[in-house]
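Observations on the three-dimensional arrangement
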Amino acid sequence: LPDSSPERLDLEGVLAYQEKQYTEALSFFNQAQNLSNEPETQARILYHAALAFNRIGDEASAMSSLFHAINRAQGLSLTKDIERLYNKMRTR
């Protein structure tokens, strides 16, 4: 993947997230979102951002990211992941 592609930046964000570097992950997700024009890619990036926002305790930003993600998601698998996180956050 090219260094500045949305997919590459999203992957870098996921790797930072897995290392518990949530602020760094959000930076990658923000960069990826700014470069992405494809709705399904945008939805995946927003879902990943929601996971990171949730980890740092920013529930409002996580819910906003999920809202925008669900409205862009086209694939059933991603839609189900988004719904699962939304329902998990709502039951707290």
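Up top is the structure these notes are about.
Scope of this entry: the structure provided in the associated data block. What you see is a predicted model, and the numbers here were worked out from it, not measured in a lab. (Residues numbered from 1 in each chain as written. Predicted model: local features only at pLDDT ≥ 70, side-chain atom pairs only at ≥ 80, totals over all residues. Heavy atoms only, no water.)

**Quick word on the nonpolar core**
The cut-off we apply is this: The nonpolar core is taken to be a set of buried Ala, Val, Leu, Ile, Met, Phe, Trp, Tyr and Cys residues, with the residues joined through side-chain atoms within 4.5 Å. Note on exposure labels: buried denotes an accessible area under 20% of the residue type's maximum, exposed denotes more than 50%, and partly exposed covers the range between, all computed with a 1.4 Å probe on protein chains only. By the criteria applied, helices consist of DSSP H or I runs no shorter than four residues and strands consist of E runs no shorter than two, each listed in order from the N terminus. Two residues qualify as a contact provided that any one of their heavy atoms is within 4.5 Å of a heavy atom in the partner residue.
Judged by nonpolar contacts, the single largest core of 26 residues is most densely connected at Phe 29, Tyr 47, Leu 66, Ile 82 and Leu 85. Among the elements of the structure, α1 (6-18), α2 (22-35), α3 (39-55), α4 (59-72) and α5 (76-90) are those that each provide at least two residues to this core. Among the elements that line this core, the one with the most residues is α3, at nine residues. Every residue in contact with Leu 66, bar those within four places of it in the chain, is listed here: Tyr 47, Ala 50, Ile 82, Leu 85, Tyr 86 and Met 89.

**Section: a positive patch on the surface**
Rule in force here: Only residues whose relative accessible area exceeds 30% and that form no salt bridge are eligible for patches; like-charged ones are grouped when within 9 Å, while nonpolar side chains (Val, Leu, Ile, Met, Phe, Trp, Tyr) are grouped when within 5 Å. The protein chains shown are the only cover counted for residues, whose accessible areas, like all others here, come from Shrake-Rupley with a 1.4 Å probe. A side-chain nitrogen of Lys or Arg and a carboxyl oxygen of Asp or Glu constitute a salt bridge if their distance falls within 4 Å. For the purpose of counting charges, residues Lys and Arg are taken to be positive, whereas Asp and Glu are taken to be negative. His and the chain ends are not included. By convention, the point assigned to a charge is CZ for Arg, NZ for Lys, CD for Glu and CG for Asp.
Side chains of Lys 20, Arg 55, Lys 88 and Arg 92 sit close together on the surface and give a patch of like positive charge. Arg 92 gets classed as exposed once you look at its relative accessible area, which sits at 59%.

**Quick look at α1**
This is how it is decided: A helix is expected to reach a length of 1.5 Å times the quantity of its residues less one. By arc we mean the arc of the directions from the helix axis to the C-beta atoms, nothing more.
The terminal C-alpha atoms of α1, which comprises 13 residues, lie 18 Å apart, in line with the 18 Å expected from a rise of 1.5 Å per residue. When we look at burial in α1, the residues that qualify are Pro 6, Leu 9, Asp 10, Gly 13, Ala 16 and Tyr 17. All buried residues of α1 project into a common sector of 120° when viewed along the axis, lining one side. Check the buried side of α1 and you find it contacts α2 and α3. Trailing α1 by a residue or two, Lys 20 shows a phi angle of about 65°, which is positive.

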